[in-house]
Amino acid sequence: MKALVAYFSASGVTAKVAQAVAETAGAGLFEIKPEKPYSDADLNWRNPLARCNREKLGGKDVPVTGRVENMAEYDTLYVGFPIWYGCAPNVVNTFLKGYDLSGKKIYAFATSGGSGIGKTAEKLKPYVPGAEVVEAKLLHSADEARAWVK
Ligand SMILES: Cc1cc2nc3c(=O)[nH]c(=O)nc-3n(C[C@H](O)[C@H](O)[C@H](O)COP(=O)(O)O)c2cc1C
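Everything quoted here is computed from the prediction, not taken from an experiment. (Residues numbered from 1 in each chain as written. Predicted model: local features only at pLDDT ≥ 70, side-chain atom pairs only at ≥ 80, totals over all residues.)

S.K.: Looking at this structure, how should I read unusual backbone geometry?
M.R.: Trans peptide bonds make up the majority, and among non-glycine residues the majority have a negative phi. Of note, Tyr-85 is a non-glycine position whose phi angle comes to about 55 degrees, a positive value. Tracing the chain through its elements places Tyr-85 in the loop between β5 (76-82) and α3 (90-97). (Helix = DSSP H or I, 4+ residues; strand = E, 2+ residues; numbered from the N terminus.)

Shown next as structure tokens:
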């Protein structure tokens, strides 16, 4: 089994959890970065005109910088992100769409400001045709991440 952890983190919380997942799983680590980084203003969801809200409402693709060149070598993909509006941020969906992930097992994990994991797993499925979304799990800490992987 060869595993990769791909994660997006706007403010560092998910990054810490992703690191713990990767260490525990003995997996590689790839950071999903939008081509245009998010500024604080971009993330201010209280402002209806902020970038995050425009992307969400428009269902927009958010281009990713860099690429996992050896994706075919992995049979297991952990995908980590902060919960945005009850599910994965658009940049994560754009990342997933960029690969043929059929036959792979996908484990999603997320951090949040309080929301549960909701329908995150179901909402990811359209972006990973042919892959199996085994589970989506809300993780609150690196310790929880280590316990989950084990
Ligand atoms: C645009 C935006 C939307 C968010 N939507 C939610 C939400 O629906 N539910 C929730 O509990 N937290 C929400 N949050 C909070 C993040 O999920 C939470 O702070 C997360 O741990 C941040 O992780 P990060 O530091 O890896 O980006 C939102 C944050 C942002 C910036």
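S.K.: What am I meant to see in the site of the ligand here?
M.R.: Near the ligand, the surroundings consist of 20 residues, among which Ser-9, Thr-14, Pro-82, Gly-113 and Ser-115 are the closest. A per-element tally of the shell around the ligand places helix α1 (residues 13-25) first, with three residues. Residue classes in the shell around the ligand are distributed as ten nonpolar, ten polar and no charged. (Near = placed C-beta within 6 Å. Nonpolar A, V, L, I, M, F, W, Y, C, P; charged D, E, K, R; others polar.)

S.K.: Mind showing me how you'd approach the sheet that holds strand β7 (residues 132-138) here?
M.R.: Note: strands within a sheet are paired through backbone hydrogen bonds, in either parallel or antiparallel orientation. Taken in spatial order, the five strands of this open sheet run β2-β1-β5-β6-β7, and their pairing is parallel. Each edge of the open sheet carries a strand with a single partner, namely β2 (28-31) and β7. Direction aside, neighbouring strands of the sheet carry axes that sit 20 degrees apart on average. Of the pairings in the sheet, the one linking strand β6 (residues 105-111) to β7 comprises six bridges and is parallel in character. Bridging from a neighbouring strand, Lys-105 pairs with Glu-132 of β7. Most of the contacts of α1 go to β5, to which it runs at about 160 degrees, and overall it touches β1 (3-7), β2, β5 and β6. (Pairing = 2+ DSSP bridges. Axes fitted to C-alpha atoms, helices over the stretch in contact; angles between N-to-C directions. Contact = placed C-beta atoms within 7 Å.)

S.K.: Mind showing me how you'd approach the nonpolar core here?
M.R.: Inside soluble globular proteins, nonpolar side chains tend to come together where they are buried. Counting 43 residues, the largest nonpolar core has Val-5, Val-21, Tyr-78, Val-92 and Ala-108 as the members making the most contacts within it. It is α1 that provides the largest number of residues to this core, a total of six residues. Filtering out sequence-adjacent residues up to four positions away, Val-21 remains in contact with Val-5, Tyr-78, Gly-80, Phe-109, Ala-145 and Val-149. (Core = buried A, V, L, I, M, F, W, Y, C linked by C-beta atoms within 7 Å. Buried ≥ 20, exposed ≤ 12 C-beta atoms within 10 Å, placed from the backbone.)

S.K.: Can you help me understand the environment of Gly-66 in this one?
M.R.: Positionally, Gly-66 belongs in the loop between β4 (64-65) and β5. Remark: the alpha-carbon pair of Gly-66 and Pro-34, spanning 32 residues in sequence, is separated by 9.1 Å.

S.K.: What is the right way to look at the environment of Val-133 in this model?
M.R.: Here Val-133 is to be found in strand β7. Exposure remark for Val-133: the 21 C-beta atoms within 10 Å place this residue in the buried category. Sequence separation of Val-133 and Tyr-107 is 26 residues, and the distance between their C-alpha atoms is 6.2 Å. Among residues more than four places away in sequence, those in contact with Val-133 are Ile-106, Ala-108, Ala-121, Leu-124, Lys-125 and Val-128.

S.K.: Honestly, the packing of α1 against helix α5 (residues 142-149) in this entry has me stumped. Any pointers?
M.R.: The relative placement of two packed helices is expressed as an angle between their axes plus a distance between the axes. As a packed pair, α1 and α5 sit with axes 8 Å apart at the nearest point and diverge in direction by 35 degrees. Between α1 and α5 the crossing geometry is right-handed. For the pair formed by α1 and α5, the contact residues are Lys-16, Val-17, Ala-20, Val-21, Thr-24 and Ala-25 on the first element and Ala-142, Ala-145, Arg-146 and Val-149 on the second. Across the contact of α1 with α5, the residue classes break down as seven nonpolar, one polar and two charged. (Left-handed = near helix turned anticlockwise from the far one by under 90°.)

S.K.: Would you mind showing me how to read the pairing of β5 here?
M.R.: The side chains of a regular strand alternate between the sheet's two faces. Among the seven residues of β5, six are classified as buried, and the element is accordingly described as predominantly covered. As paired elements, β1 and β5 share five bridges and run parallel to each other. Bridging from a neighbouring strand, Val-5 pairs with Tyr-78 of β5. With seven bridges connecting them, β5 and β6 associate as parallel partners. Bridge pairing links Leu-77 to Ile-106 in β6. In terms of handedness, the path from β5 via α3 over to β6 forms a crossover that is right-handed. (Right-handed = clockwise from strand over helix to strand, strands pointing away.)

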